[in-house]
Amino acid sequence: MFRKELRSWSVPFGVWLPYASYFNQGIAFHEYPDVPPFPASHGCIRVPAPEAPGVYKFAKIDTVVIVI
């Protein structure tokens, strides 16, 4: 985790990303209103709104993220 923003602007997609925690050159965990049970993102990890504040609080700067 190298950057955190409570409300981050996505330049390529032109949308706000609430509770964004960035890792791996710009991929982020962020709140999203619709989280389907299948892959549907352009690369980020969508977090349901009720869980987003907890994930944001848990993921500190320098937290290691391993993607498998």
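The structure contained in this document is the topic of the report that follows.

Quick notes on the rules
- Residues numbered from 1 in each chain as written.
- Predicted model: local features only at pLDDT ≥ 70, side-chain atom pairs only at ≥ 80, totals over all residues.
- Heavy atoms only, no water.
- Helix = DSSP H or I, 4+ residues; strand = E, 2+ residues; numbered from the N terminus.
- Rg over C-alpha atoms; globule rule 2.2 N^0.38 Å.
- Lys, Arg positive; Asp, Glu negative; His and termini not counted.
- Charge placed at Lys NZ, Arg CZ, Asp CG, Glu CD.
- Buried < 20%, exposed > 50% of the residue type's maximum accessible area, 1.4 Å probe, protein only.
- Salt bridge = Lys/Arg side-chain N within 4 Å of Asp/Glu carboxyl O.
- Contact = heavy atoms within 4.5 Å.
- Phe/Tyr/Trp six-rings, centres within 6.5 Å; stacked < 30°, edge-to-face > 60°.
- Lys NZ or Arg CZ within 6 Å of the ring centre and 35° of its normal.

Digging into the overall build of the protein chain
Here comes step 1: Assigned secondary structure in the protein chain consists of 1 helix and 4 strands.
Here comes step 2: Of the regular secondary structure in the protein chain, the N- to C-terminal order runs β-β-β-β-α.
Here comes step 3: Taking 2.2 N^0.38 as the reference for a compact globule, 68 residues should give roughly 11 Å; the C-alpha atoms of the protein chain span a radius of gyration of 11 Å, in line with that estimate.
Here comes step 4: Seen through its principal axes, the protein chain has C-alpha atoms that stretch 25 × 25 × 25 Å.
Here comes step 5: If you average the places of the 6 positive and of the 5 negative side-chain charges in the protein chain, the two averages end up 5 Å apart.

Examining the side chain of Glu31
Here comes step 1: You can see Glu31 is positioned in strand β3 (residues 27-32).
Here comes step 2: Nearest to the buried, unbridged Glu31 among oppositely charged side chains is Arg7, at 9.7 Å.
Here comes step 3: Each residue touching Glu31, except ones within four places of it in the same chain, is listed here: Pro18, Tyr19, Val47, Ala49 and Ala52.

What about the packing of aromatic side chains?
Here comes step 1: What the rule picks out here adds up to 4 aromatic pairs.
Here comes step 2: Between Trp9 and Trp16, the aromatic rings sit 4.9 Å apart at their centres with planes inclined by 65 degrees, giving edge-to-face as the arrangement.
Here comes step 3: A centroid spacing of 5.2 Å and a plane angle of 35 degrees characterise the contact between Phe23 and Phe29, whose relative ring orientation is tilted.
Here comes step 4: The ring of Tyr22 is capped by Arg3, whose NZ or CZ atom sits 3.9 Å from the centre of that ring.
Here comes step 5: Just above the ring of Trp16 sits the side chain of Arg7; from NZ or CZ to the centre is 4.0 Å.

Geometry only, nothing functional implied.
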